[in-house]
Amino acid sequence: DGGITQSPKYLFRKEGQNVTLSCEQNLNHDAMYWYRQDPGQGLRLIYYSQIVNDFQKGDIAEGYSVSREKKESFPLTVTSAQKNPTAFYLCASSIGGGREHSDTQYFGPGTRLTVL
Amino acid sequence: AQSVTQLDSQVPVFEEAPVELRCNYSSSVSVYLFWYVQYPNQGLQLLLKYLSGSTLVKGINGFEAEFNKSQTSFHLRKPSVHISDTAEYFCAVSDWGAGANNLFFGTGTRLTVIP
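Residues numbered from 1 in each chain as written. Chains lettered and ligands numbered in written order. Predicted model: local features only at pLDDT ≥ 70, side-chain atom pairs only at ≥ 80, totals over all residues. Heavy atoms only, no water.

*Asks:* Give me the overall build of chain A: which residues, what numbers.
*Replies:* Scanning chain A from terminus to terminus reveals zero helices and 11 strands. Along its sequence from the N terminus, chain A presents helices and strands in the succession β-β-β-β-β-β-β-β-β-β-β. The C-alpha radius of gyration of chain A comes to 14 Å, within 12% of the 13 Å expected for a compact globule of 116 residues. Overall size of chain A, expressed as C-alpha extent along the three principal axes, is 40 × 30 × 30 Å. In chain A, the proportion of contacts linking residues at least 24 apart, taken out of those at least 6 apart, comes to 54%. When the accessible surface of chain A is split by element, carbon and sulfur atoms take 48% of a total near 5,600 Å². Between the centroid of the 12 positive side chains of chain A and the centroid of its 12 negative side chains there is a distance of 7 Å. (Helix = DSSP H or I, 4+ residues; strand = E, 2+ residues; numbered from the N terminus. Rg over C-alpha atoms; globule rule 2.2 N^0.38 Å. Contact = heavy atoms within 4.5 Å. Areas by Shrake-Rupley, 256 points an atom, 1.4 Å probe, with all protein chains shown as cover. Lys, Arg positive; Asp, Glu negative; His and termini not counted. Charge placed at Lys NZ, Arg CZ, Asp CG, Glu CD.)

Below is the structure:
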């Protein structure tokens, strides 16, 4: 089956700890994205990557970090610098590579992070 | 910058009744428009998208949307809703030729279908 997987589905961490959220896709997509979802606020872009070994900050990158060492993987680290990390995190991917202006993003099932 | 407004945060509707979820966007350039659906504690699933051509776009699950450039709107409609349509719906717009396909989302509309 082709798709995007995120693990774990639920994650609990103590305040002040860094935590890494996994995102893997087997769609052979070049572009990957991380969004944060809070109630009543829709989705906000944290980071995105158009190609391996390259990534850019989105609208709310402060307190987060990413890496893109492999095409299929785009892990997100929520650092202790993130003031309000409790949220639902969604990963997405698209064909990317500038080949298609109508590039559609496909989403994973999400990870709900709760910081205690 | 792009922005999307979903005027209704919650829409209750009786089963088998028609529904319209409103979406307006602001943009000075041509855009691509999307509607996504999210079921509780799940990711987003693409319902439909407008890229070009016919302004009436048909999607999955019997939904359709009409692109109106003069009104800068992309309202989502379904002639007869089912209980299983209860979910949150997000409208999104992307830049054309921005070099990266960044989506800008509205704040969502929660559709509740009442038996």
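*Asks:* How would you summarise the environment of A:Pro8 if you had to cite specific residues and measurements?
*Replies:* Residue and element names in this part refer to chain A. Of note, Pro-8 is situated in the loop between strand 1 (4–7) and strand 2 (10–13). Here the alpha-carbon distance between Pro-8 and Arg-44, two residues 36 residues apart in the chain, equals 20 Å. If we skip the residues at most four places from it in the chain, Pro-8 touches Gly-110 and Thr-111.

*Asks:* Quick rundown of the state of the cysteines? Include the residues and the values.
*Replies:* Each disulfide consists of one covalent bond between the sulfur atoms belonging to two cysteines. By the definition in use, this model includes two disulfides over all chains. The partner cysteine of A:Cys23 in its disulfide is A:Cys91, sulfur to sulfur 1.9 Å. As the torsion about the S-S bond is roughly -70 degrees, the A:Cys23-A:Cys91 disulfide counts as left-handed. Taken together, the residues A:Cys23 in strand 3 (residues 19–25) and A:Cys91 in strand 9 (residues 87–94) connect sequence positions 68 residues apart. There is no split in this pair, since A:Cys23 and A:Cys91 are both buried. Covalently, B:Cys23 is tied to B:Cys91 through a disulfide, its sulfur atoms 1.9 Å apart. In this structure the cystine formed by B:Cys23 and B:Cys91 twists about its S-S bond by roughly -65 degrees; its chirality is therefore left-handed. Of the two residues, B:Cys23 is situated in the loop between strand 3 (19–21) and strand 4 (24–26) and B:Cys91 in strand 10 (residues 87–95); the sequence distance between them amounts to 68 residues. (Disulfide = S-S within 2.5 Å. Buried < 20%, exposed > 50% of the residue type's maximum accessible area, 1.4 Å probe, protein only.)

*Asks:* So what's going on with the interface of chain A and chain B? Which residues, and what values?
*Replies:* Each side of the interface is counted separately: chain A has 23 residues, and chain B has 22 residues. Taking both partners together, chain A and chain B bury about 1,800 Å²; carbon and sulfur atoms supply 51% of that area. Counting every contact that joins chain A to chain B gives six residue pairs in polar contact (both at pLDDT 80 or more). Looking at the side of chain A that touches chain B, the elements with two or more residues in it are strand 4 (31–37), strand 5 (43–51) and strand 9 of chain A. (Buried area = accessible area lost by both parts, 1.4 Å probe. Polar contact = N/O pair within 3.5 Å; in protein donor to acceptor, adjacent residues only side chain to side chain.)

*Asks:* With reference to specific residues and values, describe unusual backbone geometry.
*Replies:* With omega at -10 degrees, the peptide bond leading from A:Ser7 into A:Pro8 counts as cis. A positive phi is found at B:Glu16, a non-glycine position, where the angle reads about 75 degrees. Here B:Glu16 lies in the loop between strand 2 (10–14) and strand 3.

*Asks:* Explain the side chain of A:Ser93 to me, and be specific about the residues and the numbers.
*Replies:* All names here are of chain A. Considering the arrangement of structural elements, one finds Ser-93 in strand 9. A relative accessible area of 0% means that Ser-93 is categorised as buried. Within the structure, Ser-93 has its side chain in polar contact with the side chain of His-29 (distance 2.8 Å). Look past the residues within four positions of Ser-93 in its chain and what remains in contact with it is Ile-4, Gln-25, Leu-27, His-29, Ala-31, Met-32, Tyr-33, Thr-104, Gln-105 and Tyr-106.

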